[in-house]
Amino acid sequence: MQKLKQKALDIVEHAEPNLPIVGLFATVGYPLFYLVWTYITPQAYENLPFRIAEAVISLPWLFYAHLPKKAKEFFPVYFFLSVPILLPFFFHFMMIKNEWSVTWAMSSMAGLFLLILIVYDWLFICIITLIGFIMAYAAVYLLDGVVKYTYFQPEYIPTYLFALVGGIIGNHRKQMAHQTKISLLQSLSGSIAHEMRNPLSSITNAMSSLQAILPSRPLNNEVTGTVDLSYSELISMHDAIEESSQTIRSGNKIIDSILASLQGGAIDNSRFKRISANNAIQSAVNTYGFDDINDRELIVVNTSNSFDFLGDRNLFTYVLFNLIKNALHYKNRPEFRIEMTLQAGADVNCITVKDYGPGVPSRMRERIFERFYTYGKNSGNGLGLSFCRRVIESFGGTIVCNSEEGNWTEFVINLPDYASKASRDLKKAILKQKKILIVDDQISNRLLLARYASEWDCSSDLAENGTQALEMLSKTRYDLILMDFEMPSLDGDQLVAMLRSSLNIDPSLAPHYMQVPVIGITALPLNEALPRAARCGMNEVIAKPIKKADINKLFERHFFSEASSITTDQETLLSGCRILLVDDNATSRKYMSMTLQHYGCSISEAENGKIALEYLEKQDYDLILLDMEMPVMTGIETSMAIRKGNCFKRFTNYRTIPIIALTGNTGKDSIEAVIKAGMNQHLGKPVFRDELVSTISMWINNISRAEENGKLTKKTPVTPENFWETFESEKVLDQSIITSLKEIGNDELIVSLFEVFRNDSEKIIRELDQAAAAGNIKRFDQLMHTLKGSSGSIGANRLFMLSRHLNDFSHRGEWPDRQDWAPILKKTGSSLFQVGKPKLSFPLIR
């Protein structure tokens, strides 16, 4: 069924360029030919309403290019419902009604050729033709009660079949030639990727090695704010290396995207960010590799009316590069220049790239976006503009070509504004692919956070304590973690410290969890929570109670902002590691060795798998870096030989030693082969220093975070002098939290939550009395912290404000600032409820 669905979608994609042509033929031609067959060459039967109905059905075909995006999603269904009616049904119905006249027999063959033009698959052509004929025959029989064969001739049958078979064969050969070209490129894509990435890998390794042996980047003088000028050249070298590395990363990403597109894959939108159009265009123009430095003067940029949009900066840069490159092909024309202009709108923004070249004929302006089609140049493969359109459409936008032949060409890119509904829908589609983990011992808090996430279509898993969360993290990949600090069995900051050091985590997930954003959620004073968060590796802290706006801002910062999250520093943890590096590329071995040796690693180099096996038998190693494409013995063969262990007598660690694959082909089949051969992980070439260091550090299990040497001084929170005067004026309930709870479930759920809260809070207040009577300030502080968290999560605003005030004192080891705190606390708690049921049940539920 899935193959059939994909085949149907391929047919619609193939038909797209011809849809407006057939739509125009039906919309205009069907009514127009009524006049021909009625007055010029009269036929026995004509029907104007029938023709008008057919013309109306064809309107979505005619205006396909202008259909809304939502409508285009349902067009494949409409296509397969309408195509039998528009072509075979119409022509066969008219032929049978005209009693098989020669005129309509010939017209039916014309309709058949139109069908073959838009539907290339012979099976679908036959099925659609048969369905149309049966429908037409049945319709005539139901209308007239009889089917007449007055003008039928036996020669119709072989002629019709010849036209059908001949048309299918001709179209099939054309389609097969096109498909063969695509299949050839697809089959070569893995090799292309390998050959393109190998030189990039060598360059990357060289730059990483150079940066590794350079002295560290000099820091600003903390006292004077100046930099020692003797280090200016060193700073420039670091900047140049980092900029070059980033350029290679961008190029590598574009390679992945183009190859995925070539193989029929969709543009990956999981890393789309908020981008400033002004910044992106200026950056693209400034980094474009002009053949002649004076060509930069040919580009005029007007970005005064800028805007933000949702997309991928690297892919957007590629689009601009492609348009600039195509335009500069005509730079020798008189008065040539390129103008880039931004125009911000209410919901849709426009970027225009206009060049004063020879222009593009109107008949070619849509065709230039087809794959493998080129115009105006002898070189090129016809993939550039096709890929550009796919990129812009993945951003939710459009790109079209306007031109005046002999004078100019402009490409108009329309992009939805970042604040528009279209961008919000795209963000929801991206977040639908994400998964977050919510860890909190308060059920109401877990449900609220899950509700806020679900409004963005983001799925979430819930854990009620650190132990349960650790088990879930060891099995599942999460993109964001919301972590409470103080919980039973295992505190949140302890769990995060374990997570960042890869303890009890699946090795395949460990590198991910070294970088994944972890957000602390707590009712602790921030002057205590922030140092704890910094020590364990949390990215930031949000104070309870959490509001919807807090989650929205979190998603913006960690999913849609170009600013990267904090990372764990592992570079100093490699000292003493014994690594066997196996690669037939001497340059790669040299520079990768230099990089790792700088961090204290002991490196042995082998140029093929056979030599690597000999080295393993002679001495011990902690890890193997293994290239896939080598002479004598490939990486797959080498890994399988190591895991079997038959060739070793001394070496006994062959089953467990970590083996990291270095591969230029990161396709699905290649990765499956890596895993099947017994390797633990793969790194795609070019391998970047940070990725290499992070992966090796994790696998040798020698990861630890540096603890702060001195204790941070805790600042005494400021207590408002007028707290007790203003306390009574605080609202009893936080209606926003109450409303959110009500949206999560039914009335029964809300009442049950408040019933649990009432029982817990009454118990806590009793235990607070006991702790105070016993003078146990530590127990008193724990209980008050719990009451503060639970009241904030349930929306008991006044009780939350009071417990937070009292907790500020207990957390410093002090008793409350009023002797009568206990009766006030009891009164505040009991005021929320009536006897036996929540007082707020009626206003809350109704």
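Residues numbered from 1 in each chain as written. Predicted model: local features only at pLDDT ≥ 70, side-chain atom pairs only at ≥ 80, totals over all residues. Heavy atoms only, no water.

A. Just the packing of aromatic side chains, in detail. As enumerated under the stated definition, the model contains 38 aromatic pairs in all. With 6.3 Å between their ring centres and 75° between their planes, Y45 and F93 make a pair best called edge-to-face. Of this pair, Y45 sits in the loop between α2 (19-40) and α3 (48-57) while F93 sits in helix α5 (residues 69-97), and the two are 48 residues apart along the sequence. Summarising the burial analysis for this pair, Y45 and F93 share the class buried. If you follow K427 out to its NZ or CZ, it ends over the ring of F560, 5.5 Å from the centre. (Phe/Tyr/Trp six-rings, centres within 6.5 Å; stacked < 30°, edge-to-face > 60°. Helix = DSSP H or I, 4+ residues; strand = E, 2+ residues; numbered from the N terminus. Buried < 20%, exposed > 50% of the residue type's maximum accessible area, 1.4 Å probe, protein only. Lys NZ or Arg CZ within 6 Å of the ring centre and 35° of its normal.)

B. Molecular detail of the environment of N807. If you trace the backbone, N807 turns up in helix α29 (residues 797-810). Sequence-wise, N807 and H785 are 22 residues apart; in three dimensions their C-alpha atoms are separated by 6.2 Å. Once you skip the residues sitting within four places of it in the chain, N807 turns out to touch D781, M784, H785 and K788. A distance of 2.9 Å separates polar atoms of two side chains, one belonging to N807 and the other to K788. (Contact = heavy atoms within 4.5 Å. Polar contact = N/O pair within 3.5 Å; in protein donor to acceptor, adjacent residues only side chain to side chain.)

C. Broad picture of the environment of I430. Along the polypeptide, I430 turns up in helix α13 (residues 421-431). Owing to a relative accessible area of 1%, I430 belongs among the buried residues under this scheme. Residues I430 and F559, spaced 129 residues apart in sequence, show a C-alpha to C-alpha distance of 9.1 Å. The contact partners of I430, leaving out residues within four places of it in the chain, are N269, S270, F272, L310 and F560.

D. Just the sheet that holds strand β15 (residues 623-627), in detail. Taken together, the 5 strands give an open sheet; going across it, the order is β14-β13-β15-β16-β17, and neighbouring strands pair in parallel fashion. Of all the strands in the sheet, just β14 (602-606) and β17 (681-684) have a single pairing partner and so form its edges. Pairs of neighbouring strands in the sheet enclose a mean axial angle of 20°, with direction left out of account. The pairing of strand β16 (residues 659-663) with β17 spans 4 bridges and is parallel. Opposite A661, over in β17, you have H682 as the bridge partner. Against the sheet, helix α22 (residues 635-644) engages β15 and β16, with an angle of about 150° to β15. (Pairing = 2+ DSSP bridges. Axes fitted to C-alpha atoms, helices over the stretch in contact; angles between N-to-C directions.)

E. Here's a closer look at the sheet that holds strand β5 (residues 348-355). Reading across the sheet, the 5 strands line up as β2-β4-β5-β7-β6 and stay open at both edges, with mixed pairing between neighbours. The sheet is open, and its two edges are formed by β2 (299-302) and β6 (398-404), each paired on a single side. Taking each pair of neighbouring strands and ignoring which way they run, the sheet shows an average axis angle of 15°. Examined bridge by bridge, β6 and strand β7 (residues 408-416) share 7 bridges and lie antiparallel to one another. By the bridge assignment for β7, I399 is matched with I413.

F. Local environment of the nonpolar core. Counting 69 residues, the largest nonpolar core has F316, F395, L482 and F555 as its most contacted members. Per-element tally for this core: the top contributor is helix α11 (residues 313-328), with 9 residues. In contact with F555, other than residues within four places in its own chain, are L431, A453, W456, C458, L480 and F560. (Core = buried A, V, L, I, M, F, W, Y, C linked by side-chain atoms within 4.5 Å.)

G. Quick look at the side chain of R643. Secondary-structure assignment places R643 in helix α22. Of the polar contacts made by the side chain of R643, one reaches the backbone oxygen of Y654; its length is 2.8 Å. Of note is the side chain of R643, whose polar atom sits 2.8 Å from the backbone oxygen of G678.

H. Representation of the packing of helix α10 (residues 277-287) against α11 within the structure. Here α10 crosses α11 at 55°, and the two axes come no closer than 10 Å. Put simply, α10 runs oblique to α11. Helix-helix and strand crossings are classified by hand; for α10 and α11 the assignment is right-handed. Judged by residue contacts, N279, A280, I281, S283, A284, V285 and T287 of α10 engage R313, F316, T317, L320, F321 and I324 from α11. Looking at the contact of α10 with α11 residue by residue, the class counts come to 8 nonpolar, 4 polar and 1 charged. (Parallel < 35°, antiparallel > 145°, perpendicular 65-115°, else oblique. Left-handed = near helix turned anticlockwise from the far one by under 90°. Nonpolar A, V, L, I, M, F, W, Y, C, P; charged D, E, K, R; others polar.)

I. Local environment of a nonpolar patch on the surface. Together, L24, V28, L32, F33, L35, Y39 and I40 make up an exposed nonpolar region whose accessible area comes to about 720 Å². Among the structural elements, L24 can be located in helix α2. What makes L24 partly exposed here is its relative accessible area of 46%. (Patch = residues over 30% accessible without salt bridge, like charges linked within 9 Å, V, L, I, M, F, W, Y side chains within 5 Å. Areas by Shrake-Rupley, 256 points an atom, 1.4 Å probe, with all protein chains shown as cover. Salt bridge = Lys/Arg side-chain N within 4 Å of Asp/Glu carboxyl O.)

J. Inspection of helix α30 (residues 821-830) at higher detail. All of the buried residues along α30 are W821, A822, I824, L825, T828 and G829. Buried residues of α30, viewed axially, fall in a sector of 165°; they line one side. Of the exposed residues in α30, the ones pointing more than 90 degrees away from its buried face are P823 and K827. (Arc of directions from axis to C-beta.)

K. Representation of the pairing of strand β8 (residues 435-439) in the model. The buried fraction of β8 is high, at 4 of 5 residues. Here 5 bridges tie β8 to strand β9 (residues 459-463), and the two strands are oriented parallel to one another. Residue pairing for β9: K435 is matched across the bridge by S459. Regarding the hand of the β-α-β motif, the stretch spanning β8, helix α14 (residues 443-454) and β9 is right-handed. Bridge analysis of β8 against strand β10 (residues 480-484) gives 4 bridges, and the strand direction is parallel. Across the sheet, the residue bridging to L437 is I481, located in β10. (Right-handed = clockwise from strand over helix to strand, strands pointing away.)

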